[in-house]
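Analysis of the macromolecular model
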Amino acid sequence: MPFAKTFRVVEREGYRIVDMKASVVSWGGAAVGEEQFQRLVLVPRNVTPPALTGDLAEATLIRTPVMRIASNTGFHEAITRVLGINDRLVAVGGVKSYDDTLRNRVRRGEVRQIGYGWHSPPELDALIASKPDVLLMSMGDMANVGAKPRIEALGIPVVPIFLDNEPDYMGRVDYVRLIGMLAGREREADAFAATVTRNVDTLKKAAAAQPTRSVISAWYQSGDRWNPTIRNADAKLLRDANGRNPLEGPDDPRKDSFNRVTTEELIARGADADCWILRDSHSNAFTDVATLRRFKAYREGCLFASDGMTKPAADAYDLYETAVIRPDLVLGDIVRMLHPPLRTEPFRYIRPDTKVPR
């Protein structure tokens with residue numbers, strides 16, 4: 001795995017060991033609790049499993065390929081979709097899938113709903129009834145950490161997903177390869193990762209040939225607070241598009257990608273930015289035109305929003321699904337935003353903001 005920092009894979013005779021380690025990071029804040037560690041032992045179904053003793057003591061045994069998969073987060077569904085195994089999903093968070101076919105299966109009761117893992121653990125009754133071989137469990141909240149031993153005690157192997165902790169956006173793509181190992185779809189996963197890597201390299205080279213432009217990505221929270229991108233994978237996307245982020249700070253996997261700042265600080269550091277990603281589909285509206293006029297990006301009309309690829313009637317947003325594992329598509333939008341000569345394709349997720357007040 002060339003990019004992933006939250007897990008590593010070791011080959012042994014007839015099976016694999018996957019070590020996963022990361023901190024649970026609070027939304028917009030820093031790590032909470034102790035660093036989490038999980039050792040998985042992936043053993044093909046036709047191979048006698050090793051004794052879980054010695055360095056394998058307390059490891060989780062998973063027989064591969066897994067055929068019944070439970071998931072508590074939308075981007076897991078994007079991973080199973082690109083691997084061609086959405087038919088193996090027996091439980092998902094709910095009915096917010098961007099995939100119409102999967103969403104309809106959930107609504108018909110063919111796939112159970114265990115709740116999304118943003119701030120709460122899975123619904124145990126629904127999870128048990130789905131009889132999964134494995135639960136893909138995003139660990140974005142300590143409530144999920146606390147629920148994990150209870151789920152495992154019920155005989156359901158848990159694969160903790162620390163994708164949001166990856167400091168490089170390409171580390172997120174390596175999670176497709178990890179799920180490919182679990183599902184027996186390594187060839188498809190490797191091909192997917194290779195395509196994304198090629199696309200990213202092409203975009204970076206094209207952007208590097210253009211003049212560097214400054215950019216901020218900061219969305220309004222409420223009152224006098226904004227949430228600008230500062231570090232980690234999201235900041236690297238801006239940087240690799242040959243953008244200079246005046247609010248950028250050092251990467252730190254023990255912190256979220258953004259921090260809250262005041263309007264005064266945003267003006268002081270970002271007023272001269274050439275472009276501004278102002279909001280996404282869920283951001284609060286900011287209507288103070290006098291303040292907006294203090295920003296060059298507003299005055300010169302380079303305001304963008306991360307509100308593309310949405311299905312509002314279904315409360316479904318592909319930005320939180322496919323875009324997570326397709327950084328090449330997101331990077332392409334940012335490259336086209338910053339460098340008008342490269343606008344040879346339509347915007348996808350990040351596009352000109354049509355709702356900004358004037």
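Read on for a plain summary of the structure. Every chain is numbered independently, its residues counted from 1 as its sequence is written. In keeping with the model being predicted, local features are shown solely for residues with a pLDDT of at least 70 and side-chain atom pairs are shown and tallied solely at 80 or more, while totals for entire chains, interfaces and linings include all residues. Water and hydrogen atoms play no part in the side-chain values, which are based on all heavy atoms of the structure.

1. Some remarks on the overall build of the chain
Tallying secondary structure elements over the chain gives 12 helices and 18 strands in all. Scaling as 2.2 N^0.38, a compact globule of 358 residues should have a C-alpha radius of gyration of about 21 Å, and the chain matches this with 21 Å. Once the C-alpha set of the chain is aligned to its principal axes, its extents read approximately 65 × 40 × 40 Å. In the chain, buried positions account for 55% of the 358 residues. Restricting to contacts in the chain with at least 6 residues of sequence separation, those with at least 24 account for 62%. Lys and Arg are tallied as positive, Asp and Glu as negative. Neither His nor the chain termini are counted. A charged residue contributes its charge at one atom only: NZ of Lys, CZ of Arg, CG of Asp or CD of Glu. Counting 50 positive and 47 negative side-chain charges, the chain places the averaged centre of each group 3 Å from the other. Starting at the N terminus, helices and strands are each numbered in turn, a helix being any DSSP run of H or I of at least four residues and a strand any DSSP run of E of at least two. It is over C-alpha atoms that the radius of gyration is taken, and the globule rule equals 2.2 Å times the number of residues to the power 0.38. Residue burial is assigned from relative accessible area. The probe radius is 1.4 Å, only protein chains are included, and a residue is buried under 20% of its type maximum, exposed over 50%, and partly exposed in between. Residues are treated as being in contact if the distance between any of their heavy atoms lies within 4.5 Å.

2. A closer look at the sheet that holds strand β8 (residues 134-138)
The pairing criterion is simple: DSSP has to find at least two bridges between the two strands. Reading across from one edge, β7-β6-β5-β8-β9 is the order of the five strands in this open sheet, with parallel pairing throughout. Each of the sheet's edge strands pairs with one partner strand only, and the pair in question is β7 (112-113) and β9 (158-161). Examined bridge by bridge, strand β5 (residues 69-71) and strand β6 (residues 89-92) share two bridges and lie parallel to one another. Opposite Ala-70, over in β6, you have Ala-91 as the bridge partner.

3. Concerning the packing of helix α5 (residues 169-183) against helix α6 (residues 186-208)
Interaxial angles span 0 to 180 degrees and are taken between N-to-C directions of axes, which are lines fitted to C-alpha atoms, for helices over the stretch in contact. As a packed pair, α5 and α6 sit with axes 7 Å apart at the nearest point and diverge in direction by 165 degrees. Our classification of the angle between α5 and α6 gives roughly antiparallel. As α5 packs across α6, the resulting crossing turns out to be right-handed. Mapping the contact onto sequence places Tyr-169, Met-170, Val-173, Val-176, Arg-177, Gly-180 and Met-181 in α5 and Glu-186, Ala-189, Asp-190, Phe-192, Ala-193, Val-196, Thr-197, Val-200 and Lys-204 in α6. Just so you know the grouping, Ala, Val, Leu, Ile, Met, Phe, Trp, Tyr, Cys and Pro go in nonpolar, Asp, Glu, Lys and Arg go in charged, and all remaining residues, Gly too, go in polar. Among the residues forming the contact of α5 with α6, the class breakdown is 10 nonpolar, two polar and four charged. Here the angle decides the label: under 35 degrees means roughly parallel, over 145 means roughly antiparallel, 65 to 115 means roughly perpendicular, and every other value means oblique. Two helices that cross are described as forming a left-handed crossing if the nearer one is turned anticlockwise from the farther one by less than a right angle, and a right-handed crossing if clockwise.

4. Some remarks on the sheet that holds strand β1 (residues 7-12)
What the four strands build is an open sheet, ordered β1-β2-β3-β4; its pairing is mixed. The strands lining the two open edges of the sheet, one partner per strand, are β1 and β4 (60-64). Strand-to-strand twist of the sheet, defined as the mean angle between neighbouring strand axes without regard to direction, takes the value 25 degrees. Bridging between strand β2 (residues 15-25) and strand β3 (residues 31-44) involves nine bridges; their strand directions are antiparallel. For Asp-19, the partnering residue across the bridge sits in β3 and is Arg-39.

5. Things to note about the side chain of His-339
Tracing the backbone shows His-339 in the loop between α12 (327-338) and β18 (351-352). Here His-339 falls in the buried class, since its relative accessible area comes to 2%. Definition of a polar contact: a pair of N or O atoms within 3.5 Å, with one able to donate and the other able to accept a hydrogen when the atoms are protein atoms, and with sequence-neighbouring residues admitted only if both atoms are side-chain atoms. Of note is the side chain of His-339, whose polar atom sits 2.7 Å from the backbone oxygen of Ala-241. Beyond its immediate stretch of four places on either side in the chain, His-339 contacts Ala-207, Gln-210, Pro-211, Arg-213, Ala-241 and Asn-242.

6. Re the state of the cysteines
Note on terminology: disulfide denotes any pair of cysteine sulfur atoms within 2.5 Å. Taken as a whole and judged by the stated rule, the model has one disulfide. At a sulfur-sulfur separation of 2.0 Å, the disulfide partner of Cys-275 is Cys-302. With the S-S bond torsion at 80 degrees, the cross-link from Cys-275 to Cys-302 turns out right-handed. Here Cys-275, found in strand β14 (residues 275-280), pairs with Cys-302, found in the loop between α10 (296-299) and β15 (303-306); they are 27 residues apart in sequence, far enough to count as distant.

7. Comments concerning the pairing of β9
Of the two faces of β9, the one carrying Val-158 and Pro-160 and the one carrying Val-159 and Ile-161 are both buried. Here β8 pairs with β9 via four bridges, running parallel. Bridged to Leu-136 within β9 is Val-159. Once you follow β8 into helix α4 (residues 142-153) and on to β9, the crossover reads as right-handed. Whether a crossover is right-handed depends on one test, that the path from the first strand over the helix to the second runs clockwise when the strands point away from the viewer.

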